[in-house]
Amino acid sequence: MDMKAFSLEGKIALVTGASYGIGFAIASGMAKAGATIVFNDINEELVKKGLASYEEAGIKAHGYVCDVTNEEQVAELIAKIEAEVGVIDILVNNAGIIKRIPMCDMTAAQFRQVIDIDLNGPFIMSKAVIPAMIKKGHGKIINICSMMSELGRETVSAYAAAKGGLKMLTKNICSEYGAYNIQCNGIGPGYIETPQTAPLRERQPDGSRHPFDQFIIAKTPAERWGTTDDLVGPAIFLASDASNFVNGHILYVDGGILAYIGKQP
Ligand code: NAP
Ligand code: GCO
């Protein structure tokens, strides 16, 4: 096998919600593997912040404002990218939110908002890029799933429903478009140190670890939270020609959480 199969040279990668956090790390890693990076985020301030961060990392990224739930904005985004950068080879559906509210206290509007961003968004984005991927004769779609694609827990009903749905959307895109040499896979991060999980890691007033922080350490064979860097290698693999026969798979990058009953207290 030619090890150039792991290279992303000559490829254009669009990573959604990638001004910071997991998306930024994955996009930065793909840039180091040779890809041209395009990203969007929800507002101009975040896009500017992201462009500055990519520049600081020595990466010339292309940034656009786009709400992944808005079909018109997404259509405009793809048209702009194709005119200004080129046809997208790799789409990473990373943009997402979470609301931690007990289900019976959550409004239907709050539930719908999480489903809209975390599940409808990847549908809208994927539907927008697949036709050009078919014309080009290849494409890679990577959906950022979650432990909650497999497990539930208190207060995250909407998020788990969305990420469970995203797992099945991944398998369905594989099924429907695999014949066009499009591979659609998921990455299921474990518990990763980002702003989204910061509330779960806050030090207690007495300086002790947050109870949830202690819980995750006990549930993870690696005995640590993940970092965004832990996700970069798996993302590059799934974006590269080295994974052309991997399709419909959710690659869990969780330090072993899903395999482990948890450390005895
Ligand atoms: P994050 O820090 O909250 O970043 C998510 C990004 O998506 C933010 O820039 C956010 O903008 C943006 N975004 C939100 N709604 C959007 C929309 N409608 N259109 C475009 N962009 C939008 O999250 P993260 O921790 O990096 O997580 C990234 C992805 O990984 C998410 O899908 C998350 O569910 C998933 N994940 C995270 C973990 C973890 O432990 N952190 C584990 C498993 C999976 P705002 O700043 O305005 O919200
Ligand atoms: C939570 C966390 C998790 C992580 C991630 C785990 O409140 O349980 O936010 O949902 O974000 O999805 O894979």
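Placed above this text is the structure.
Anyway, here's the lowdown on the structure attached to this text.

For the rest of this paragraph, the subject is the nonpolar core. Leu8, Met30, Ile37, Tyr54, Val92, Ile142 and Ile187 are the most contacted members of the largest nonpolar core, which totals 32 residues. If you list the elements that add at least two residues to this core, you get β1 (12-16), α1 (21-32), β2 (36-41), α2 (44-56), β4 (90-93), β5 (139-144) and α7 (232-239). Among the elements that line this core, the one with the most residues is α1, at 7 residues. Apart from residues no more than four positions distant in its own chain, Tyr54 is found in contact with Ala18, Gly23, Phe24, Ala27, Ser28, Ile37, Phe39, Ile59 and Ala61. In terms of nonpolar packing, the next biggest core, distinct from the first, is built from 29 residues, Leu91, Ile115, Ile141 and Ala162 among them.

A separate point is the site of ligand 2. Near ligand 2 lie 14 residues; those nearest to it are Arg100, Ser146, Met147, Arg153 and Tyr159. At a separation of 2.7 Å, an oxygen atom of ligand 2 approaches a polar side-chain atom of Tyr159. Between Tyr191 and ligand 2, the recorded distance is 2.8 Å, taken from a side-chain N or O atom to an oxygen atom. The fraction of the free accessible surface of ligand 2 (330 Å²) that becomes covered by protein chains is 96%. Per-class residue counts for the shell around ligand 2 are 8 nonpolar, 4 polar and 2 charged.

What counts as what
- Residues numbered from 1 in each chain as written.
- Chains lettered and ligands numbered in written order.
- Predicted model: local features only at pLDDT ≥ 70, side-chain atom pairs only at ≥ 80, totals over all residues.
- Heavy atoms only, no water.
- Core = buried A, V, L, I, M, F, W, Y, C linked by side-chain atoms within 4.5 Å.
- Buried < 20%, exposed > 50% of the residue type's maximum accessible area, 1.4 Å probe, protein only.
- Helix = DSSP H or I, 4+ residues; strand = E, 2+ residues; numbered from the N terminus.
- Contact = heavy atoms within 4.5 Å.
- Near = heavy atom within 4 Å.
- Polar contact = N/O pair within 3.5 Å; in protein donor to acceptor, adjacent residues only side chain to side chain.
- Areas by Shrake-Rupley, 256 points an atom, 1.4 Å probe, with all protein chains shown as cover.
- Nonpolar A, V, L, I, M, F, W, Y, C, P; charged D, E, K, R; others polar.

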